[in-house]
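Descriptive structure summary
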Amino acid sequence: MNISQQRDVARPRARSTERSVARRAELITIGRKLFADTSYDALSMDDIARQAHVAKGLIYYYFQSKRGYYLAIIQDSVADLVTYAASGIELEPVDRVHRTIDSYLRYAEHNQAAYRTIVSGGVGFDTEVHAIRDGVREAIVATIAEGAYGRTDIAPLARMGLLAWVCSVEGAALDWIDRPELSRDQMRELLVKMLGGAMRAVEEMDPAYPTPEPARRGG
């Protein structure tokens, strides 16, 4: 087979791969809408296929199972959250913190079923969902550390202080989406002030991690 013939074989394969990737992404987009406010157990594969207007076999082809499909949806939506939270390097640290927290709350508000699954760890002890949750936690800790201390490789005490704050945010956000008595702006400002308190506690125990000036002032 000469070079020209090899190219002719490669092109259809490349186009087929591109179509496959695009189709998979389309199914994930559809799934994100379906599961935004509906729990995993509330939708059967027949329900999903009917509402997505696709053959059930197509979902099995790309994701092997309902659980595989759901995990792919969660990973995709979480990737958006983490990417957005880690962006905005050009912003002042205090503005970046506000945007990170606001984006987190927006995600919880608009993807309630998925958020509950991620934070609670799924049904029973689901190691893959736990891994997704842990990845989100570490990404948020790294984003806050970068903005507050100018680096992500922080000491265990500082990391634990920020991680404890992230875990408290998870619990507060869960309660907030169930009982939205506060506006998102109020929630964001409350969580920002709580972060300031965590940072002041870290500085008190380890002066190598001084509290950024806005947090030192309490907001």
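In the block above lies the structure referred to throughout.
Residues take numbers from 1 onward in each chain, read along the sequence in its written order. Two thresholds apply to this predicted model, a pLDDT of at least 70 for residue-level local features and 80 or more for giving and counting side-chain atom pairs, whereas whole-chain, interface and lining totals are computed over all residues. Each side-chain value is worked out from all heavy atoms of the structure, with water and hydrogens disregarded.

**Section: helix α8 (residues 156–178)**
In this description a helix means any DSSP run of H or I spanning at least four residues, a strand means any run of E spanning at least two, and both kinds are numbered starting from the N terminus. By this rule the span expected of a helix is its residue count minus one, scaled by 1.5 Å. The end-to-end C-alpha distance of α8 is 33 Å, a good match for the 33 Å that 23 residues give at a rise of 1.5 Å each. Note on contacts: a residue pair qualifies if any of its non-hydrogen atoms lie within 4.5 Å across the two residues. Close packing links the buried residues of α8 with α5 (93–110), α6 (112–120), α7 (127–149) and α9 (184–205).

**Focus: the nonpolar core**
Remark: nonpolar core denotes a set of buried residues (Ala, Val, Leu, Ile, Met, Phe, Trp, Tyr, Cys) joined through side-chain atoms within 4.5 Å. Burial here depends on accessible area, computed with a 1.4 Å probe over protein chains only, as a share of the maximum for the residue type. Under 20% is buried, over 50% is exposed, and the range in between is partly exposed. Counting residues in hydrophobic clusters, the biggest one holds 60 residues, and the most contacted among them are Tyr 69, Tyr 149, Leu 162 and Trp 165. Apart from the residues within four sequence positions on either side, Leu 162 is in contact with Val 141, Ile 144, Ala 145, Tyr 149, Ile 154, Leu 195 and Met 199.

**What about the pattern of salt bridges?**
Salt bridges are counted wherever a side-chain nitrogen of Lys or Arg sits within 4 Å of a carboxyl oxygen of Asp or Glu. On inspection of all chains with the given rule, the structure shows 17 salt bridges. A salt bridge links Asp 102 to Arg 184; the shortest N-O distance between them is 3.3 Å. Of this pair, Asp 102 sits in helix α5 while Arg 184 sits in helix α9, and the two are 82 residues apart along the sequence. The class of Asp 102 is buried, set by a relative accessible area of 12%.

**As for a nonpolar patch on the surface**
Like charges are joined within 9 Å and nonpolar side chains (Val, Leu, Ile, Met, Phe, Trp, Tyr) within 5 Å, but only among residues with over 30% relative accessible area and no salt bridge; these make up the patches. Note that accessible areas follow from Shrake-Rupley with a 1.4 Å probe, and for residues the cover is restricted to the protein chains shown. Taken together, the side chains of Leu 182, Leu 190 and Met 194 present a nonpolar region at the surface, about 230 Å² in accessible area. Structurally, Leu 190 is set in helix α9. Relative accessible area serves as the criterion here: at 42%, Leu 190 is assigned to the partly exposed category.

**Some remarks on the environment of Asp 153**
Among the secondary structure elements, Asp 153 is positioned in the loop between α7 and α8. In the structure, Asp 153 is positioned eleven residues away from Ala 142 in sequence and 8.1 Å away in space, judged by C-alpha atoms.

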